[in-house]
Amino acid sequence: IGVGLGAGRASSENSYSKLSATPTLFANLRSLTIKGGEPLLSKDLEPFLNLLVTQGFASKINLNVTTNGTIPPNQRLLGLLSEFGSGRITLSVDGTGKLFEYIRVGKSFPLETVETSIRLYRELEKIRLTIYPTIQAYNIFNLEELYGWSQEVKVPITYRHILNSPAHLS
């Protein structure tokens, strides 16, 4: 049994609360995917993961989290993640240098923040890291540099996601 959660949307807080209201739903859960918006923005993420840990379900779950890495995990979150049986942290990083900051509009996040997140996630023995860019018009000529950066930070990169819309960026 698997469940996918989208976090960071206006309704995500209610989704976590509704799911947390019936913890027995997770007794047979073996796969859990949590992804965007940005899951680490949700104030209910840690309590939800804590519920899975305290109920004894986490050790049987393969946890997959997609994050842009711009919010480094705190020690409490790292402790919760370490309780899961296995998993993957997928880092949505679409460029390097100024291109990274341009694509991540809204706030200025230097790539060094993602590197801090990578160092912290590396503490987790059962969690693998992957860089998964969205290939688009903005970064098509930066993919070689992005690959070089992935080699520097020692995280494998996968080029499988191509932006389809809006059309002018695909």
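A few points on the structure.

### Some details on helix 6 (residues 143-152)
Here is step 1 of the chain: Taken together, the buried positions of helix 6 are occupied by Leu143, Leu146, Trp149 and Ser150. Projected down its long axis, helix 6 carries its buried residues within an arc of 115 degrees, all on one side. Those residues of helix 6 that are exposed and angled more than 90 degrees off the buried face are Glu144 and Glu152.
Here is step 2 of the chain: On its buried face, helix 6 sits against helix 5 (111-121), strand 5 (127-131) and strand 6 (134-135).
Here is step 3 of the chain: Phi turns positive, to about 60 degrees, at Lys154, one or two residues after helix 6.

### Observations concerning the nonpolar core
Here is step 1 of the chain: Within the largest apolar cluster, 41 residues are counted, with the highest numbers of intra-cluster contacts made by Leu49, Leu52, Val93 and Trp149.
Here is step 2 of the chain: It is helix 5 that provides the largest number of residues to this core, a total of 5 residues.
Here is step 3 of the chain: In contact with Trp149, not counting residues within four places along its chain, are Val93, Thr96, Leu111, Val114, Glu115, Ile118 and Ile131.

### Quick notes on the packing of aromatic side chains
Here is step 1 of the chain: The tally for this structure, following the rule as stated, stands at 2 aromatic pairs.
Here is step 2 of the chain: With a centroid separation of 5.5 Å and an interplanar angle of 75 degrees, the aromatic rings of Phe26 and Phe48 are classed as edge-to-face. Of the two residues, Phe26 sits in the loop between helix 1 (12-20) and strand 2 (31-35) while Phe48 sits in helix 2 (residues 45-54), which places them 22 residues apart along the sequence. Both residues of the pair, Phe26 and Phe48, belong to the buried class.
Here is step 3 of the chain: Consider the rings of Tyr102 and Tyr138, whose centres lie 5.3 Å apart with planes at 80 degrees: the pair is edge-to-face. Residue Tyr102 is located in helix 4 (residues 97-103), and its partner Tyr138 is located in the loop between strand 6 and helix 6; the two are separated by 36 residues in the primary sequence.
Here is step 4 of the chain: Note on Tyr138: relative accessible area 38%, which makes it partly exposed.

Reading the values: the criteria
- Residues numbered from 1 in each chain as written.
- Predicted model: local features only at pLDDT ≥ 70, side-chain atom pairs only at ≥ 80, totals over all residues.
- Heavy atoms only, no water.
- Buried < 20%, exposed > 50% of the residue type's maximum accessible area, 1.4 Å probe, protein only.
- Helix = DSSP H or I, 4+ residues; strand = E, 2+ residues; numbered from the N terminus.
- Arc of directions from axis to C-beta.
- Contact = heavy atoms within 4.5 Å.
- Core = buried A, V, L, I, M, F, W, Y, C linked by side-chain atoms within 4.5 Å.
- Phe/Tyr/Trp six-rings, centres within 6.5 Å; stacked < 30°, edge-to-face > 60°.

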